[in-house]
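Residue-level structural notes
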Amino acid sequence: MKCPFCGSFDGQVLDSRPIEHTSAIRRRRQCNQCKKRYTTYEKPEDITLMVIKSDGRREPFDRKKLWAAVSRACVKRPVSTETIEKIVSEVESEISDYIMEVPSSVIGQKTLQKLLDIDTVAYIRFASVYNKFADINDFMTELKKLKKEHDKNKTKKK
Ligand SMILES: [Zn+2]
């Protein structure tokens, strides 16, 4: 980063923090030549969003993979390609609030909530793949919880 005062490239970052409700990062920097401080804003558009998997491994967010997973869950269900595209786009836009890393469970939950509105069978299929439930009881608890939230939201909308 070039110092706006003396043009030196010799500087250091004092502090980095995300700006709330955006995907930009604000950095306080200090020039090592003139010792002046300045602020830069960086948008991580060119930074690949990494997905943190349940075992802690990271992999780049892959839209195609999510698309494939959703469409697999919707096989032979009355869900149009357009709807699948809508689900994936919405999830993608919601996770863009995350800076650099997003837990895979967040992607799973967001997708599930959308599927629940659309098709219960697709929802259950997706849940069984995405959520590593310890046993069937965990799964049923989660399903009931989501169902309850779903019904609550429905009532609210009326
Ligand atoms: Zn300087």
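As shown above, the structure is provided for reference.
Cut-offs applied
Residues numbered from 1 in each chain as written. Predicted model: local features only at pLDDT ≥ 70, side-chain atom pairs only at ≥ 80, totals over all residues. Heavy atoms only, no water. Donors = N, O, S within 2.8 Å, 3.2 Å for Na, K, Ca; no water. Tetrahedral: all angles 85-135°; square planar, octahedral: opposite > 155°, others 65-115°. Buried < 20%, exposed > 50% of the residue type's maximum accessible area, 1.4 Å probe, protein only. Helix = DSSP H or I, 4+ residues; strand = E, 2+ residues; numbered from the N terminus. Pairing = 2+ DSSP bridges. Axes fitted to C-alpha atoms, helices over the stretch in contact; angles between N-to-C directions.

1. Comments concerning the coordination of the zinc ion
The protein atoms donating to the zinc ion are Cys-3 (SG), Cys-6 (SG), Cys-31 (SG) and Cys-34 (SG), with metal-donor distances spanning 2.3 Å. Metal-centred angles of 103 to 117° between the four donor atoms at the zinc ion mark the site as tetrahedral. Residue Cys-3 is classed as buried on the basis of its relative accessible area, which comes to 3%. Judged by its relative accessible area of 29%, Cys-34 is partly exposed.

2. Some details on the pairing of strand E2 (residues 25-31)
Within E2, five of the seven residues are buried, which leaves the element mostly enclosed by the surrounding structure. Direction of pairing for strand E1 (residues 11-18) relative to E2: antiparallel, over a ladder of seven bridges. Note that in E2 the partner of Ser-16 across the bridge is Arg-27. Linkage of E2 to strand E3 (residues 37-42), two consecutive antiparallel strands, is achieved through a turn of five residues, within which Lys-35 is found at a positive phi near 65°.

3. Some remarks on the sheet that holds strand E5 (residues 58-60)
Pairing in this open sheet of three strands is mixed, and the strands run E5-E4-E6 from one edge to the other. Both edges of this open sheet fall to E5 and strand E6 (101-103), since each of them pairs with a single strand only. On average, each strand axis in the sheet is tilted by 35° relative to the strand beside it, whichever way the strands run. Taken together, the three bridges between strand E4 (residues 50-52) and E5 define a ladder with antiparallel strand orientation. Considered in E5, the bridge of Ile-52 is made with Arg-58.

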